[in-house]
Amino acid sequence: GVCMHMSRSFSLVAPSGSGSGSGSDMPKTAMAPFADLFNHCNSPKLRYEFDHRTEQISFSIRSGASVAAGEQMFISYGSLPNLFLLARFGFALENNEHDEVVLLLQPNVADPNAQLKTNILDSMGLLSKLVITWNGLTESSLRAARVMLLKPQEMSAYHLATILGGRSKNAW
């Protein structure tokens, strides 16, 4: 039941006025027999879409480019990290540019400045996670990592202002 639906369904957002009834953009999910047999690539010649022009919403797969006889056809399952691809569709990509690792951030409770670091990270909106992608750390994640690694003697306003891009200590 649920596993079959999760691994075999396709989702798109239906535009306003497409028969969704609410008048706002609504996600549409549909089982599309055999559509899940297409392999994934990030730049496919095929695209899937819902046709909202009629009362009955239909699902179609169309080519946006010329296709040579015998050429393998692909669709995109989305720009997704491997964790999602594996859980939802049962495969992972080697060297997936959309892959990421999420680490939980919490200062060590034995750190004498743990509460101050917690307050700083919270004010940055980074208390819960640090995301690492193929492109490395974001600037805000790098700042959070620097705060986590500060030694007690480095907790001066000068060091914190430097790390936080000129923010004053009073901003926390």
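Residues numbered from 1 in each chain as written. Predicted model: local features only at pLDDT ≥ 70, side-chain atom pairs only at ≥ 80, totals over all residues. Heavy atoms only, no water.

**Some words on unusual backbone geometry**
At Asn 95, a position not held by glycine, the phi torsion is positive, near 55 degrees. According to the relative accessible area criterion, Asn 95 is exposed, its value standing at 57%. (Buried < 20%, exposed > 50% of the residue type's maximum accessible area, 1.4 Å probe, protein only.)

**Some thoughts on a nonpolar patch on the surface**
Together, Val 101, Leu 103, Ile 132 and Leu 137 give the surface a local cluster of nonpolar side chains, amounting to about 290 Å² of exposed area. Tracing the backbone shows Leu 137 in strand β9 (residues 136-137). Residue Leu 137 is classed as partly exposed on the basis of its relative accessible area of 36%. (Patch = residues over 30% accessible without salt bridge, like charges linked within 9 Å, V, L, I, M, F, W, Y side chains within 5 Å. Areas by Shrake-Rupley, 256 points an atom, 1.4 Å probe, with all protein chains shown as cover. Salt bridge = Lys/Arg side-chain N within 4 Å of Asp/Glu carboxyl O. Helix = DSSP H or I, 4+ residues; strand = E, 2+ residues; numbered from the N terminus.)

**What to know about the environment of Ser 79**
Secondary-structure assignment places Ser 79 in the loop between β6 (74-75) and α2 (82-89). Separated by 20 residues in sequence, Ser 79 and Asp 99 have C-alpha atoms that sit 9.1 Å apart.

**Re the sheet that holds strand β7 (residues 100-104)**
Taking strand neighbours across the sheet as the criterion, the 3 strands line up as β7-β8-β9 in an open arrangement whose pairing is antiparallel. Whereas interior strands pair on both sides, the edge strands pair on one side only; in this sheet they are β7 and β9. Across 2 bridges, the pairing between strand β8 (residues 129-133) and β9 is antiparallel. What sits directly across from Thr 133, in β9, is Gly 136. (Pairing = 2+ DSSP bridges.)

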